[in-house]
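# Architecture at a glance
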Amino acid sequence: MKYAIIGDIHANYEALTAVVEKAQGLGAARFCCIGDIVGYNANPVECIDLLRSLDVEVVVRGNHDEYACTETDFAGFNPQAAWAAEWTREHLSREHKAWLRSLPLEQTVNTRLMLVHATLDTPGNWGYVFDKWHAAASFNYQRPQVCFFGHTHVPSVFDKCGRVSVPTGDVITLETTHKYMINAGSVGQPRDGNPRAAFALYDADEKRVELHRVAYDVETCQKKVRQAGLPERLAARLASGR
Ligand SMILES: [Fe+2]
């Protein structure tokens, strides 16, 4: 069974459609979503509807999903993120918000696979896993072999010894005696200097993970952000992946 692991889509419909097409072409049978379907870009409804139309195994809730479906104030958000979150609230239907509210913060799929948006130790606090110390806190709560997460928008792989340097070709062969925290990167707003959309392909039978990047129609997404009146910075950053 091959799973496509996608997350931090952030209402970028052009990136999501490119990733779905690529993943299906690579033989992905099911999709898993690590949260932040909405926020920042201009197609939250279209992205939720496309995601729900796929053969989805599980979807967990991200911080932008949570802010979009509740009346929580935007503490911790920078002004551009808060602006986009407010805009997203105004453009989602009651039904879309109810669906976002129904999503769990973390989910175990089976003995080998689980998902969370931010961290496993305190998933609702929206902390970041950027280094081995933050990864270590999550490993204390991890039962399955692999936990996919997002939130930083930077693809990365950790095992209990620290950050795993990903070999050429971005293929990770999973050692059966190890546990892994794997960040699949961001579909809709990459921040690692590579503007192409990111996702992971998890082959449960072959015990391997591939980190993929896909070019997409950045200009069309930028045009929609500008037409929606969202902050210019949110459009501009898509071209640089920062
Ligand atoms: Fe995000």
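Described in the following lines is the structure provided in the data block. These figures come from a predicted structure and were not determined experimentally. (Residues numbered from 1 in each chain as written. Predicted model: local features only at pLDDT ≥ 70, side-chain atom pairs only at ≥ 80, totals over all residues. Heavy atoms only, no water.)

## Concerning the overall build of the protein
When helices and strands are counted, the protein shows 8 helices and 12 strands. Radius of gyration (C-alpha) of the protein: 17 Å, near the 18 Å computed for a compact globule of 242 residues. By principal-axis analysis of the C-alpha atoms, the protein measures approximately 50 × 35 × 30 Å. Counting the 242 residues in the protein, one finds 55% classified as buried. Total accessible area computed for the protein in this model is approximately 10100 Å², and 48% of it derives from carbon and sulfur atoms. (Helix = DSSP H or I, 4+ residues; strand = E, 2+ residues; numbered from the N terminus. Rg over C-alpha atoms; globule rule 2.2 N^0.38 Å. Buried < 20%, exposed > 50% of the residue type's maximum accessible area, 1.4 Å probe, protein only. Areas by Shrake-Rupley, 256 points an atom, 1.4 Å probe, with all protein chains shown as cover.)

## With respect to the sheet that holds strand E11 (residues 197–203)
Sheet architecture is open: 6 strands sit in the order E3-E2-E1-E11-E12-E9, paired in mixed fashion. Sheet topology places strand E3 (56–59) and strand E9 (171–173) at the edges, where each strand pairs with a single neighbour. Along the sheet, successive strands turn relative to each other by an average axial angle of 20 degrees, direction set aside. Bridge count for strand E1 (residues 2–6) against strand E2 (residues 30–33) is 4 bridges, and the pairing is parallel. Counted as the bridge partner of Ala-4 is Phe-31 from E2. (Pairing = 2+ DSSP bridges. Axes fitted to C-alpha atoms, helices over the stretch in contact; angles between N-to-C directions.)

## Let's talk about the environment of Val-171
In this fold, Val-171 is placed in strand E9. Residue Val-171 is classed as partly exposed on the basis of its relative accessible area, which comes to 23%. With 38 residues separating them along the chain, Val-171 and Val-209 place their C-alpha atoms 5.8 Å apart. The contacts of Val-171, once residues within four sequence positions are left out, are Val-166, Arg-208, Val-209 and Glu-210. (Contact = heavy atoms within 4.5 Å.)

## Some remarks on the side chain of Gln-145
Relative to the helices and strands, Gln-145 is located in the loop between helix H6 (132–139) and strand E6 (146–149). Within the structure, the side chain of Gln-145 is placed 3.2 Å from the backbone oxygen of His-178, a separation counted as a polar contact. Apart from residues no more than four positions distant in its own chain, Gln-145 is found in contact with Thr-111, Arg-112, Leu-174, Glu-175, Thr-176, His-178, Lys-179 and Tyr-180. (Polar contact = N/O pair within 3.5 Å; in protein donor to acceptor, adjacent residues only side chain to side chain.)

## Details of the packing of aromatic side chains
Inspection of every chain in the model, using the stated rule, returns 4 aromatic pairs. Centroid distance Tyr-67 to Phe-77: 4.5 Å. Interplanar angle 50 degrees. Geometry classified as tilted. Of this pair, Tyr-67 sits in helix H3 (residues 63–69) while Phe-77 sits in the loop between H3 and helix H4 (79–91), and the two are 10 residues apart along the sequence. The exposure class of Tyr-67 is buried, given its relative accessible area of 11%. Judged by its relative accessible area of 16%, Phe-77 falls in the buried class. (Phe/Tyr/Trp six-rings, centres within 6.5 Å; stacked < 30°, edge-to-face > 60°.)

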